[in-house]
Amino acid sequence: MTNYETIKEIKERLVYILETLSRPIKIENYEFHITYSMGVAFYPADTNDIEKLIQYGEIANHHISNEKKSAIKYYKELYNRQILKNIEIATNLTKAVENNEIYMMFQPQVFLSTKEVKGVEALMRWNSTKLKVFPDEFIPIAEKTGLIISMGRKGLDFINEKLGDKKVNFISHEEFKKRTLHSKTIVRTGEASPYANI
C-alpha cells in the first residue's frame, strides 16, 4: 500500500477492504458468506527487518484463527497486551503464593499394556480469584521471577502431606541453576517415593 501518510489512514483503509470483502456473495439463488482475516505488522514501526515483518504479520493473523467472523489483528497491539498480561500475572502470582492459591493435582500414570497404575504426576495449578490463567502461562513467569522456588516448596509440602510417610525430594530448576543446594533447598529428606514424580 502506498500514498498513505499515517498508520491511522492505513488502518481505515484495511477496515474498508475487509468490510468490502465480507459482503455476501450471491450466485444464482445462493448466498455465500466468506470470512477473511488480516494479520498486520507495520514497517518500520514494528521492525525494520522484512523477514521479521512477515513473521509478525503471521503471528497477528494466528490470533484470529478461533474467531468465526472477519477480523484484523495488529502485531503491536497484541504485543503490548501480552506485556500487560504478563505484568498482571506476575503481580497476582506473588499474592497467590501468599494466599495459598497454588495447589497440586495428581494425575495417574498407567501402563497401557496392563492398565496398572505405576505412579502419579503432581501438576501445579492456580486457583486465581481474579484471573483465568493456565500453567503454560504462569509457570514460565514464575521461573523468570524466581517465585517457582517458593511455589515448589509449598507444592512439595502438599504432596508430602498427601503421601504420608512416602517422602519426596524436590529441587527446583532455578535452584539447581543457581547451585544453592543447601539444607533448606531440599525441603523434605528421606527415601524418595517411587509413586510420585514432580
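Above this text you will find the structure in question.
The sections below set out a description of the structure shown in this document. (Residues numbered from 1 in each chain as written. Predicted model: local features only at pLDDT ≥ 70, side-chain atom pairs only at ≥ 80, totals over all residues. Heavy atoms only, no water.)

The secondary structure content of the chain amounts to 6 helices and 7 strands. Sorting the 198 residues of the chain into buried and exposed places 30% on the buried side. Here the analysis covers contacts within the chain between residues at least 6 apart in sequence; of these, 50% occur between residues at least 24 apart. Accessible surface computed for the chain: about 14,300 Å², of which carbon and sulfur atoms make up 53%. (Helix = DSSP H or I, 4+ residues; strand = E, 2+ residues; numbered from the N terminus. Buried < 20%, exposed > 50% of the residue type's maximum accessible area, 1.4 Å probe, protein only. Contact = heavy atoms within 4.5 Å. Areas by Shrake-Rupley, 256 points an atom, 1.4 Å probe, with all protein chains shown as cover.)

Let us now look at unusual backbone geometry. In this structure, Pro-44 follows Tyr-43 across a cis peptide bond, with omega equal to 0°. Within the element layout of this structure, Pro-44 appears in the loop between β3 (37–40) and α2 (50–62). Of note, the phi angle at Glu-28 is positive, near 55°, even though the residue is not glycine. Following the sequence through the fold, Glu-28 ends up in the loop between β1 (25–27) and β2 (30–32). For Glu-28, a relative accessible area of 74% corresponds to the exposed category.

With that out of the way, let us pick up the pattern of salt bridges. Under the counting rule described, the total for this entry stands at 3 salt bridges. In this structure, Lys-8 and Glu-12 form a salt bridge, with 2.6 Å as the shortest nitrogen-oxygen distance. Here the residue Lys-8 and the residue Glu-12 both occupy positions in helix α1 (residues 7–21), the gap between them amounting to 4 residues, near one helical turn. (Salt bridge = Lys/Arg side-chain N within 4 Å of Asp/Glu carboxyl O.)

An α-helix turns once every 3.6 residues. As a result, residues three or four positions apart point the same way. Taking 1.5 Å of rise per residue, the 13 residues of α2 would be expected to cover 18 Å, and the 18 Å separating its terminal C-alpha atoms lies within 8% of that figure. Among the residues of α2, those classed as buried are Leu-53, Tyr-56, Gly-57 and Ala-60. What you see down the axis of α2 is that its buried residues fit within an arc of 100°, all on one side. In α2, the exposed residues that point more than 90 degrees away from the buried face are Glu-51, Glu-58 and His-62. Buried residues along α2 sit against β3, β4 (71–74) and α3 (75–98). A side-chain oxygen of the first residue of α2 lies 2.9 Å from the backbone nitrogen of Glu-51; this N-cap is Asp-49. (Expected span 1.5 Å × (residues − 1). Arc of directions from axis to C-beta. Polar contact = N/O pair within 3.5 Å; in protein donor to acceptor, adjacent residues only side chain to side chain.)

Attention shifts here to the packing of aromatic side chains. The final tally for this structure, using the stated rule, is 4 aromatic pairs. Ring geometry for Tyr-56 and Tyr-75: centres 4.1 Å apart, planes at 0°, overall stacked. Highlighted residues: Tyr-56 in helix α2 and Tyr-75 in helix α3, separated in sequence by 19 residues. The same class applies to Tyr-56 as to Tyr-75, namely buried. For the ring pair Trp-126 and Phe-138, a centre distance of 5.6 Å and an interplane angle of 80° mean the geometry is edge-to-face. Within this pair, whereas Trp-126 is found in strand β6 (residues 117–126), its partner Phe-138 is found in helix α4 (residues 135–145), the two being separated by 12 residues in sequence. There is no split in this pair, since Trp-126 and Phe-138 are both buried. Within the aromatic cluster, the residues linked to one another by ring pairs are Tyr-56, Tyr-75 and Tyr-79. (Phe/Tyr/Trp six-rings, centres within 6.5 Å; stacked < 30°, edge-to-face > 60°.)

All we've got here are geometric facts, nothing functional implied.
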